[in-house]
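Given next are the chains, with one letter for each unit.
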Amino acid sequence: MTDVSVASPCHLRINGQSYSADLPPSVTLLDLLRERLDLTGTKKGCDHGQCGACTVLVDGKRVKSCLILAVSIPDAEVTTIEGLAPDGHLHPMQQAFIDRDAFQCGYCTPGQIMSAVALLEEGHVHTREEIREFMSGNLCRCGAYNGIVDAIEQVVARQQQERAGEAA
Amino acid sequence: MRQFSYSRPDTLGTACHIPDHTRYLAGGTNLIDLMKSDVERPEHIVDLNALSLSQIEERPDGGLRLGALATNADTAAHPLVSERYPLLASAILAGASPQIRNRATNGGNLNQRTRCHYFYDPDMACNKRSPGTGCSAKGGRNRIMAILGTSDACIATFPSDMCVALAALNATVNLTGPEGERTVPLRNYHRLPEDTPWQDNILCAGEIVTSIDLPPLGFGPHHTYLKIRDRLSFAFAIVSVAVGLQMGNNTIRKACIAMGGVGTKPWCVPEAEALLAGKTPSPSLFRDAADCLLQGAVTDRDNAAKLKLAPRVIIRALSQAAAGTPQSQTQKTIF
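Predicted model, so just to flag it, every value in this text is computed and none were measured.

How each quantity is defined
- Residues numbered from 1 in each chain as written.
- Chains lettered and ligands numbered in written order.
- Predicted model: local features only at pLDDT ≥ 70, side-chain atom pairs only at ≥ 80, totals over all residues.
- Helix = DSSP H or I, 4+ residues; strand = E, 2+ residues; numbered from the N terminus.
- Expected span 1.5 Å × (residues − 1).
- Buried ≥ 20, exposed ≤ 12 C-beta atoms within 10 Å, placed from the backbone.
- Contact = placed C-beta atoms within 7 Å.
- Pairing = 2+ DSSP bridges.
- Axes fitted to C-alpha atoms, helices over the stretch in contact; angles between N-to-C directions.
- Domains from an automatic or database assignment.
- Arc of directions from axis to C-beta.
- Parallel < 35°, antiparallel > 145°, perpendicular 65-115°, else oblique.
- Left-handed = near helix turned anticlockwise from the far one by under 90°.
- Nonpolar A, V, L, I, M, F, W, Y, C, P; charged D, E, K, R; others polar.
- pLDDT = per-residue confidence, 0-100.

### So, helix α3 (residues 109-122) of chain A
The periodicity of an α-helix, 3.6 residues per turn, causes residues three or four positions apart to be oriented the same way. Helix length check: α3 of chain A (14 residues) gives 20 Å between terminal C-alpha atoms against 20 Å at 1.5 Å per residue, within 8%. For α3 of chain A, the buried fraction is high: eleven of the 14 residues fall into the buried class. Of all the positions in α3 of chain A, only T109, P110, G111, Q112, I113, M114, S115, A116, V117, A118 and L119 of chain A are classed as buried. On its buried face, α3 of chain A is in contact with β3 (55-58), β4 (61-64), α2 (92-99), α4 (128-134) and α5 (145-167) of chain A together with α6 (98-103) of chain B.

Here it is, written out as structure tokens:
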């Protein structure tokens, strides 16, 4: 059993880099990223798990970083929006959001993109209705939803073209 | 958020022995939110995630055991669940959002708190949050509140979708605590508020949900989870109905029904299930079942609409299940 103490050890890999520190257990993954590591691409919207602006990947799965204690996911692999384009080349989903006008103010966009990247892996992208349902954890106050679904469909279509090309 | 100490035991025996003012952490999707709202104020958090409780495995009786720490997303996507218990998969996918379901666990789903607005606001009187202070929901803005199982002390709904399906499926809950192990039917797990609304369920101090068992009967296509809410997705039920029917020769052999959004716990009425057994599906039969399910309903200032809506949802859900055309959780048109 881990010792009961005020500060607890936190070991993570964030965008491929190791991170270790003793943290107050009340520090959320979101606050660790933004306030201690200056990874401010991940946004704080509602801070209650309702808006999705704080969406990141933990061990490849999309989660709301505002509802996770950083000390409670030992040795997890965390990917933020900064980790999608490590070499400066945009991820296809980032490019698709630009191509399809999938944002206005941009505040929800990092969360939308992280969620959409995970959605592609999950495969719930057969119809617009299915994409909308499985993107329902990300709110956009500007109402760019149609562009967001367009962007996801663009990436899905290009992936299908590439697969068809490889098969041919 | 207030400060607290944190531990992460790796055996159940250690996890069961806890000091006062402790909360268990599983997925955290409800607990962390409540701590930020200053509704939950634990001094210690015992993180259960080092315990090996995330298996989903077949039982000798032909049923299925769902580990308490399996996530809602992994449970709904598991082939043994989606193929044999599509009612459960459907109800899980009707709840929360993909990100929440990726963290939220099966055990945590049972133990989540109400989403009553007054419970969430520490400045308001609430017997569930602060015993003895009164119930602000009674006579207040109570459009979302319960109409069944309420008391003078509390009219808050239990918000889960998953538990409504588990109640219809007659699941059982396995617990381990300082006094040993026990098994409780899901239908008896949650408590009516009566005059102790702060006790949501029958858990004792130090007791932990280890798994949930599903009996063999999964109902195949003759099921539905029909959820009516204020928006198409990511909202709690105003009224929801889980139905499983065992059909033969156009006759209902066995009926299992539970309701969400209307009760202070997942709402089941065995008399309504008995009333359907051995009968041929018909609108008048379903209307009788709805009347039976809603017997004793009491409305308050703003929630009388639930009493009009609920019978329609029950009748439609029974029709969907009898026809073998369950409600899609993606294509939201209701047929």
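### Points about the sheet that holds strand β9 (residues 223-229) of chain B
Residues and elements named next belong to chain B. Judged by pairing direction, the sheet is antiparallel, and its three strands sit side by side in the order β9-β10-β11 without closing on themselves. Only two strands of the sheet have a single partner each, and these edge strands are β9 and β11 (251-260). Taking each pair of neighbouring strands and ignoring which way they run, the sheet shows an average axis angle of 15°. In terms of strand pairing, β9 meets strand β10 (residues 237-248) through seven bridges, oriented antiparallel.

### Considerations on the domain arrangement of chain B
As far as domains go, chain B holds domain 1 (5-47) and domain 2 (223-323). A separation of 36 Å is found between the C-alpha centroids of domain 1 of chain B and domain 2 of chain B.

### What to know about α2 of chain A
All names here are of chain A. Those residues of α2 lying buried are M93, Q94, A96 and F97. Buried residues along α2 cover an arc of 160° about the axis, so they all sit on one side. Close packing links the buried residues of α2 with α3 and α5. Following α2 by one or two positions, D101 has its phi on the positive side, about 55°.

### With respect to the packing of α3 of chain A against α5 of chain A
Residue and element names in this part refer to chain A. Direction vectors running N to C along α3 and α5 enclose 40°, while the axes themselves pass 11 Å from each other. Taken together, α3 and α5 sit at an angle that is classed as oblique. Where α3 crosses over α5, the two elements pack in a sense that is right-handed. Of α5, the residues touching α3 (which contributes Q112, A116, L119 and L120) are I148, I152, V155 and V156. Along the lines of polarity and charge, the residues of the contact of α3 with α5 split into seven nonpolar, one polar and no charged.

### Focus: unusual backbone geometry
One non-glycine residue, D59 of chain A, lies in positive phi territory at about 50°. The class for D59 of chain A is partly exposed, based on 13 C-beta atoms found within 10 Å. Phi at N249 of chain B takes a positive value of approximately 50°, unusual for a residue other than glycine. With 6 C-beta atoms counted inside 10 Å, the residue N249 of chain B sits in the exposed group.

### Description of the confidence of the model for chain B
Detailed reading of the predicted coordinates is not advisable wherever pLDDT falls low. When pLDDT is averaged along chain B, the result is 98; 100% of the residues meet or exceed 70. For this predicted complex, the interface confidence score (ipTM) comes to 0.97, while the overall pTM stands at 0.97.

### Some points on the sheet that holds strand β7 (residues 180-185) of chain B
Residues and elements named next belong to chain B. Read from one edge to the other, the open sheet built from five strands follows the order β4-β5-β8-β6-β7, with strand pairing classed as antiparallel. Taken across any chain shown, the strands that pair with only one partner, and hence form the sheet edges, are β4 (56-58) and β7. On average, each strand axis in the sheet is inclined to that of its neighbour by 20°, with strand direction left out of account.

### Re the interface of chain B and chain A
Counting from both sides, the interface comprises 30 residues of chain B and, opposite them, 30 residues of chain A. Of all the secondary structure elements, the ones that give two or more residues to the side of chain B that touches chain A are β1 (5-7), α2 (31-36), β3 (44-47) and α6 of chain B. The biggest single contributor to the side of chain B that touches chain A is α6 of chain B, with five residues. The residue inventory of the side of chain B that touches chain A, partitioned by class, reads ten nonpolar, 14 polar and six charged.

### Looking at the packing of helix α11 (residues 283-293) of chain B against helix α12 (residues 305-323) of chain B
All names here are of chain B. Packing of α11 against α12 leaves a shortest axis separation of 9 Å and a crossing angle of 130°. Taken as axis vectors, α11 and α12 run oblique relative to one another. Crossing angle aside, the handedness with which α11 passes α12 is right-handed. Packed against α11, whose contacting residues are P283, F286, R287, A289, A290 and L293, the element α12 presents P311, I314, I315, L318 and S319 at the interface. By residue class, the composition of the contact of α11 with α12 is nine nonpolar, one polar and one charged.

### A look at the environment of R113 of chain B
Position of R113 of chain B relative to the elements: it lies in the loop between α7 (106-111) and α8 (162-168). Apart from the residues lying within four places of it in its own chain, the contact partners of R113 of chain B are N30, L34, F119 and D200 of chain B.

### Description of the pairing of strand β8 (residues 208-214) of chain B
All names here are of chain B. Across the seven residues of β8, six count as buried, placing the element largely inside the fold. When strand β5 (residues 64-67) meets β8, the two strands line up antiparallel, connected through four bridges. Bridged to L64 within β8 is L214. Note that strand β6 (residues 172-177) and β8 share five bridges and pair antiparallel. Residue L175 lies in a different strand from β8, and its bridge partner there is V209.

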